[in-house]
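Architecture and fold: a report
Listed below are the residues making up each chain.
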Amino acid sequence: MGAVSPPYSQRFVEEGDLAPTLTVKEWSYILGDHISYGNTKIEDTVAIFNTGAASDCINLNSDYCQVGPGECYAVQSEEEFPCKDYRRRQQIIWDHLDGQTWAKAFRRHYNRKETPVTDIRFSEAGDFRTQHDVLRVNEIARELDDIVNVYTYSASSWLDWTDATHFTVNQSNAKGDFGDRNYNVVADPENMPDDAGLWCPFDQTDRNIKCGDCRVCLEPDGPDVYIELETKTSGPGTPEE
Ligand code: SF4
């Protein structure tokens, strides 16, 4: 029962706004078609869903982004791999569903899965665009609290993150003070201040320890994390890798 249902996706894209006519069961297949599991850096038990493409990211090339113009690995991967349209379809789905419906659809997808699902990672590409995004992810995390942990990374420091009471937030820029920890990109591990936090184990272990094995960014408690720019820009984060 874990098979995807291309006809639902095709119908959705071709006919546009079918939200009022679709059941939660139908949405669960559409959602299942647009959730990936694991990549070079993330364990296969982690479900990944983007609320948009990196190329459309609200923080792209702005002062809020943690990397400079032209350095975003996720944008580069969208040029290199055919994933931009997929992520744009994810945004269409995201913009059609309230939190409760998304959660109900995910639960059905989860119940069909034959392999373990431990966490949901929101936005390996793109970023939170509105306060509604924070509230919606929080509602999803609250609804699914009995089956998965929910986490994200964000540079949308202008939003009110006090609404993120049920999911883990890694602050990925140095602006403001929000979330559960800072996730810092440095050019060289030597740039990491003494006793400032944890150098990402993915870097330290030749990429053997992945997000999911290591749960620092997935759970609210834990130190700030430092990661090398080279790792950040080399591409982990694309479904194909
Ligand atoms: S610290 Fe752990 S959870 Fe965070 S990015 Fe590194 S491996 Fe992943």
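Everything numeric here is computed off the predicted structure, so don't read it as measured data.

The rules behind the values
- Residues numbered from 1 in each chain as written.
- Predicted model: local features only at pLDDT ≥ 70, side-chain atom pairs only at ≥ 80, totals over all residues.
- Helix = DSSP H or I, 4+ residues; strand = E, 2+ residues; numbered from the N terminus.
- Buried ≥ 20, exposed ≤ 12 C-beta atoms within 10 Å, placed from the backbone.
- Contact = placed C-beta atoms within 7 Å.
- pLDDT = per-residue confidence, 0-100.
- Pairing = 2+ DSSP bridges.
- Core = buried A, V, L, I, M, F, W, Y, C linked by C-beta atoms within 7 Å.
- Expected span 1.5 Å × (residues − 1).
- Near = placed C-beta within 6 Å.
- Nonpolar A, V, L, I, M, F, W, Y, C, P; charged D, E, K, R; others polar.

1. What to know about the overall build of the protein
- When you go through the protein residue by residue, the secondary structure sums to eight helices and eight strands.
- Scored against the burial criterion, the 241 residues of the protein give a buried share of 41%.
- Here the contacts in the protein between residues at least 6 apart in sequence split such that 73% fall between residues at least 24 apart.

2. Some details on the confidence of the model for the protein
- On average, the protein scores 87 in pLDDT, and the residues at 70 or more come to 87%.
- Within the model, the stretch residues 1-15 combines pLDDT values under 50 with 18 contacts to residues more than four positions away or in other chains.
- Confidence drops under pLDDT 50 across residues 234-241; counting only partners more than four residues distant or on other chains, this segment forms 26 contacts.

3. Regarding the pairing of strand β2 (residues 46-49)
- Side chains of β2 alternate between two faces, with Val-46 and Ile-48 and Ala-47 and Phe-49 buried alike.
- Sheet analysis places strand β1 (residues 36-37) next to β2, joined by two bridges and oriented antiparallel. What sits directly across from Tyr-37, in β2, is Ala-47.
- Pairing between β2 and strand β3 (residues 119-122): four bridges, direction parallel. Paired with Val-46 across the two strands is Asp-119, which belongs to β3.

4. Observations concerning the nonpolar core
- Of all hydrophobic cores here, the largest spans 44 residues; its most connected members are Val-137, Ile-140, Leu-144, Val-150, Phe-167, Cys-217 and Val-225.
- Apart from residues lying up to four places away in sequence, Phe-167 is in contact with Val-137, Asn-138, Ala-141, Val-150, Tyr-151 and Thr-152.
- Counting residues in each nonpolar core, the second largest holds eight residues, with Cys-72, Tyr-73, Ala-74 and Ala-125 among its members.

5. Structural notes on helix α6 (residues 131-143)
- For α6, with 13 residues, the first-to-last C-alpha span of 18 Å sits near the 18 Å given by 1.5 Å per residue.
- Buried residues along α6 sit in contact with α5 (99-112), β3 and β4 (149-154).

6. Regarding unusual backbone geometry
- Positive phi, close to 55 degrees, is recorded for Asp-206, a residue that is not glycine.
- Inspection of the secondary structure puts Asp-206 in the loop between α7 (201-204) and β8 (225-228).
- With 7 C-beta atoms packed within 10 Å, Asp-206 lands in the exposed category.
- A positive phi angle, near 70 degrees, is found at Arg-207, a position not held by glycine.
- Its place among the elements puts Arg-207 in the loop between α7 and β8.

7. A look at the site of the ligand
- If you check the shell around the ligand, you find Leu-198, Cys-200, Pro-201, Phe-202, Ile-209, Cys-211, Cys-214, Val-216, Cys-217, Leu-218 and Val-225 and nothing else.
- Tallied by class, the residues present in the shell around the ligand amount to 11 nonpolar, no polar and no charged.

8. Focus on the environment of Arg-181
- With respect to the secondary-structure elements, Arg-181 resides in strand β6 (residues 181-186).
- Along the sequence, Arg-181 and Val-169 sit 12 residues apart, while their C-alpha atoms lie 7.2 Å from each other.
- Not counting chain neighbours up to four residues away, the residues in contact with Arg-181 comprise Asn-170, Gln-171, Gly-222, Pro-223, Asp-224 and Val-225.

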